[in-house]
Amino acid sequence: MQIYLPVAEISIDVFLLLGLGGVIGVLSGMFGVGGGFLMTPLLMVIGVPAPVAVGTQANSVIATSVSGVMAHWPRGNVDIKMGLVLLVGGLIGSALGVVIFSWLKELGQIDFAIKLIYVATLGTVGTLMLLESSRAVFRRKRKLPTRKKLHKHHWVHGLPFKMRFRKSRLYISALMPLAIGFAVGMLSALMGIGGGFMIVPAMIYLLGMPTSVVIGTSLFQIIFVSMNVTFLQAWENQTVDIVLALLLLVGSVVGVQIGTRLGAKVQGDALRLMLAVLVVAVGINLTVNLFTPPADTYVLGSGF
Amino acid sequence: MSRLATIAIVVLLSLGSLIGASLIMGSLTGRDARAQAVLADLADHLVAIHTGFDGTNILVFGMLPKDGDLAIVVRGPARPTVMHRKGSIAGVWVNTATMTFPNAPSFYALASSAPLEEMVAPYERDRLRLGLDDLNLRPSGRASPNLLAEWREGLVRAKQRQGLYVTKPSEITILGGNLFRSAIEMPSNVPTGTYLIDVYLFRDGLNVAAQSLPLAVSKVGVEAQIYALAHQHSALYGILSILIALLFGWIAHLLFRRR
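Scoring rules and cut-offs
Residues numbered from 1 in each chain as written. Chains lettered and ligands numbered in written order. Predicted model: local features only at pLDDT ≥ 70, side-chain atom pairs only at ≥ 80, totals over all residues. Helix = DSSP H or I, 4+ residues; strand = E, 2+ residues; numbered from the N terminus. Buried ≥ 20, exposed ≤ 12 C-beta atoms within 10 Å, placed from the backbone. Contact = placed C-beta atoms within 7 Å. Nonpolar A, V, L, I, M, F, W, Y, C, P; charged D, E, K, R; others polar. Pairing = 2+ DSSP bridges. Core = buried A, V, L, I, M, F, W, Y, C linked by C-beta atoms within 7 Å. Axes fitted to C-alpha atoms, helices over the stretch in contact; angles between N-to-C directions. Expected span 1.5 Å × (residues − 1). Arc of directions from axis to C-beta. pLDDT = per-residue confidence, 0-100. Parallel < 35°, antiparallel > 145°, perpendicular 65-115°, else oblique. Left-handed = near helix turned anticlockwise from the far one by under 90°.

1. Points about the overall build of chain B
Next up, step 1: When helices and strands are counted, chain B shows six helices and twelve strands.
Next up, step 2: Here chain B holds 259 residues, and 27% of them are scored as buried.
Next up, step 3: Once local pairs closer than 6 in sequence are excluded, the contacts in chain B between residues at least 24 apart make up 69%.

Below, the structure is given as structure tokens:
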């Protein structure tokens, strides 16, 4: 059954969209990530124009992160102060991202830029995750003791504007979360994702936040960043397709429930390893795509 | 006095003869035109893009004089169309050049009662812009004639891939010698706007009669409202999209929270 998407201006099969939402939902439920980094490239594969894929995905991220935060809130897993600092950086970064997006669109390089940013971020994050999680799995299998320092000191701790984050048990410079929020916000706006797969590792490894508050806090700030991106994309570029967003959401809401249950049966580090493999696979696929000669060297610019 | 009267009579007489002559000539040309004319109409003057829209057929039908060949051309509204040429930079394929065609038809399809080359003289094809080879697209930028031809062919190929420039001419069925009908396919991604459907009659390779029919392609119902809101009240649309997503997230949470 075909449905006409009013903003994307194409017809796509309803069940394909629901199914796509469902599959991504399962994965995001399993791994605790938004899954935007998979959804946006897949939408482009099924024929949604890249700018619409990006704008619309930002819209559905709002819904998924709201229900995520609502699940984490009662458990006290949200560090609001940290979230707000990340958010300030995120809002500035994402606003800049949307401006860059419009500029690239005018240059006619938006499709290429989106792919390139995907390759760079997925490649970097995927490789890091792969290394970390395989090491963890290896240690668990060998039953090696994990040594952890209680507190590490980097150059980061010498930065000014120190702030105390009680929930995260941190006393660090506010510049660090601000910068992370900014960078992730900008990339999210360009990639049409929440940015969970980038901000979560950054919070754990760069800020040293306890894992328990990371997911809730990142989701908290992702809500507002993606609201900002949705609004700016709708306003600047008219690339938010609400019908497409809702169809994907219906699928993913169901998928997430299945995914969460599946995820509970697998060891944490094994899950991270699987996610890392997935991230790297998508990255490699996009890289190959960049180097593959196009069927026709003359292409239409997207009308968006 | 008598001179004035003569002048008046002369003027009246000449006027009368002029009117008479033009009447006779008018009826003659009128009869002539009727003998040559095609009479065509569309089964539907509106293509409504609704939620379940999955392409459609435009049904053109009518009458033609005994002898003659027919061609039907469907042209979508002219739109500025941006083309890119990809080139390899360090192995990576990037858009390396851009060309805009300010007046490219957004849709083009053709139906003919016989192969175009057999029924239409080449210069008539060119003049009427019949067929994809004779579209005569003019870009806004400058380029050498060779390069220009490449851009043009590239545009036609790209539009063909989207199904918006229809490659294969549709058939025109002629019934009983002077009734015709033709169904021209429109894909689901047709651009909206006012289309012009031209029905041409050819005799000995020359265009002897033509009729133009307008066709509206527009979004209707919810689709149209969403599109209009997104483009005319973008800020409001953005806020609404956010609110809907928030509401959706909340409902999802209520539905599935652990009991």
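Back to the text.
2. As for the overall build of chain A
Next up, step 1: Helices and strands together make up the secondary structure of chain A, namely ten helices and five strands.
Next up, step 2: Across its three principal directions, the C-alpha atoms of chain A cover 55 × 40 × 40 Å.
Next up, step 3: Within the span of chain A, comprising 304 residues, buried residues form 53% of the whole.
Next up, step 4: In chain A, the proportion of contacts linking residues at least 24 apart, taken out of those at least 6 apart, comes to 81%.

3. Thoughts on the interface of chain A and chain B
Where interface size is given, it is often the accessible area lost as the parts come together that is meant.
Next up, step 1: Taken residue by residue, the interface counts 43 residues in chain A and 47 residues in chain B.
Next up, step 2: For the side of chain A that touches chain B, the elements supplying multiple residues, two or more each, are β1 (2-5), β2 (10-13), α3 (50-72), α8 (211-237), α9 (242-263), α10 (268-291) and β5 (298-300) of chain A.
Next up, step 3: The element contributing the most residues to the side of chain A that touches chain B is α3 of chain A, with nine residues.
Next up, step 4: Tallied by class, residues from the side of chain A that touches chain B come to 28 nonpolar, 13 polar and two charged.
Next up, step 5: Summarising the sheet, β5 of chain A and strand β5 (residues 78-89) of chain B pair through three bridges and their orientation is antiparallel. By the bridge assignment, Leu300 of chain A is partnered in β5 of chain B with Met83 of chain B.

4. Points about the nonpolar core
Next up, step 1: Judged by nonpolar contacts, the single largest core of 140 residues is most densely connected at Ile223 of chain A together with Leu70, Ala71, Ile72 and Val74 of chain B.
Next up, step 2: Of all the elements, α8 of chain A adds the most residues to this core, at 14 residues.
Next up, step 3: The residues touching Leu70 of chain B, leaving out its near neighbours within four places in the chain, are Leu64, Ser112, Ser113, Ile172, Phe180, Val199, Tyr200 and Leu201 of chain B.
Next up, step 4: With nine residues, the next largest nonpolar core counts Tyr298 and Val299 of chain A together with Phe101 and Leu155 of chain B among its residues.

5. Considerations on the sheet that holds strand β10 (residues 179-186) of chain B
Residues and elements named next belong to chain B.
Next up, step 1: Pairing within the open sheet is antiparallel, and its four strands lie in the order β1-β3-β10-β9. A strand with exactly one partner marks an edge of an open sheet, and here the two such strands are β1 (39-42) and β9 (173-175). Ignoring strand direction, the axes of neighbouring strands in this sheet form an average angle of 20 degrees.
Next up, step 2: Sheet analysis places β1 next to strand β3 (residues 56-63), joined by four bridges and oriented antiparallel. If you follow Leu39 over to β3, its bridge partner there is Met63.

6. A word on unusual backbone geometry
Residues and elements named next belong to chain A.
Next up, step 1: The backbone phi angle of Glu9 is positive, close to 60 degrees, even though this residue is not glycine.
Next up, step 2: Here Glu9 lies in the loop between β1 and β2.
Next up, step 3: Of the residues examined, Glu9 has 21 C-beta atoms within 10 Å and is grouped as buried.
Next up, step 4: Here Gln238, not a glycine, exhibits a phi torsion of approximately 50 degrees, which is positive.
Next up, step 5: Here Gln238 shows up in the loop between α8 and α9.
Next up, step 6: Exposure remark for Gln238: the 20 C-beta atoms within 10 Å place this residue in the buried category.

7. Focus on helix α4 (residues 145-161) of chain B
Next up, step 1: Relative to the 24 Å expected for 17 residues at 1.5 Å per residue, α4 of chain B spans 24 Å between its end C-alpha atoms, a close match to the ideal helical length.
Next up, step 2: Of the positions making up α4 of chain B, those classed as buried are Trp151, Arg152, Leu155 and Lys159 of chain B. The arc enclosing the buried residues of α4 of chain B, seen along the axis, measures out at 95 degrees, which places them on a common side. The exposed set on the far side of α4 of chain B, more than 90 degrees from its buried face, consists of Asn146 and Ala149 of chain B.
Next up, step 3: Where α4 of chain B is buried, its residues meet β5 of chain A together with β5 and β6 (92-105) of chain B.
Next up, step 4: Backbone geometry just after α4 of chain B places Gly163 of chain B at a positive phi near 75 degrees.

8. Details of the environment of Arg169 of chain A
Next up, step 1: Considering the arrangement of structural elements, one finds Arg169 of chain A in the loop between β3 (162-165) and β4 (170-173).
Next up, step 2: Separated by 72 residues in sequence, Arg169 of chain A and Asp241 of chain A place their C-alpha atoms 41 Å apart.

9. Notes on the confidence of the model for chain A
Next up, step 1: Across chain A, the average pLDDT comes to 84, with 94% of residues at 70 or higher.
Next up, step 2: No element of chain A has a lower mean pLDDT than β4 of chain A, which averages 79, and none a higher one than helix α4 (residues 80-107) of chain A, which averages 90.

10. A look at the packing of helix α7 (residues 196-207) of chain A against α8 of chain A
Residue and element names in this part refer to chain A.
Next up, step 1: Packing of α7 against α8 leaves a shortest axis separation of 10 Å and a crossing angle of 135 degrees. Taken together, the axes of α7 and α8 lie oblique to each other. The interaxial crossing formed by α7 with α8 has right-handed handedness. For the pair α7 and α8, contact is made by Gly196, Ile199, Val200, Met203 and Ile204 and by Thr211, Val214, Ile215, Ser218 and Ile222, respectively.

11. What to know about the sheet that holds β5 of chain A
Next up, step 1: Strand order across the open sheet formed by three strands is β5(A)-β5(B)-β6(B), with antiparallel pairing between neighbours. Either end of the sheet is taken by a strand with one partner, and the two such strands are β5 of chain A together with β6 of chain B. Ignoring strand direction, the axes of neighbouring strands in this sheet form an average angle of 30 degrees.
Next up, step 2: Direction of pairing for β5 of chain B relative to β6 of chain B: antiparallel, over a ladder of eleven bridges. What sits directly across from Lys86 of chain B, in β6 of chain B, is Asn95 of chain B.
Next up, step 3: Along the sheet, α4 of chain B makes contact with β5 of chain A together with β5 and β6 of chain B, crossing β5 of chain A at roughly 55 degrees.

12. Let's talk about the packing of α9 of chain A against helix α6 (residues 234-256) of chain B
Next up, step 1: Viewed as axis vectors pointing N to C, α9 of chain A and α6 of chain B meet at an angle of 20 degrees, and their least axial separation amounts to 11 Å. Regarding the angle of α9 of chain A to α6 of chain B, the classification is roughly parallel. Regarding α9 of chain A and α6 of chain B, the two cross each other, and that crossing is right-handed. Along its contact with α9 of chain A, which presents Ile242, Ala245, Leu249, Val253 and Gln257 of chain A, the element α6 of chain B presents Ser241, Ile244, Ala245, Phe248, Ala252 and Phe256 of chain B.
Next up, step 2: Of the residues that constitute the contact of α9 of chain A with α6 of chain B, the class distribution is nine nonpolar, two polar and no charged.

13. What about helix α5 (residues 110-142) of chain A?
Residue and element names in this part refer to chain A.
Next up, step 1: Given a rise of 1.5 Å per residue, 33 residues ought to cover 48 Å, and the 47 Å separating the end C-alpha atoms of α5 matches this to within 8%.
Next up, step 2: Every buried residue of α5 is listed here: Ile110, Asp111, Ile114, Tyr118, Val119, Thr121, Leu122, Val125, Gly126, Met129 and Ser133.
Next up, step 3: Packed against the buried residues of α5 are α2 (36-45), α3, α4, α6 (175-191), α7 and α10.

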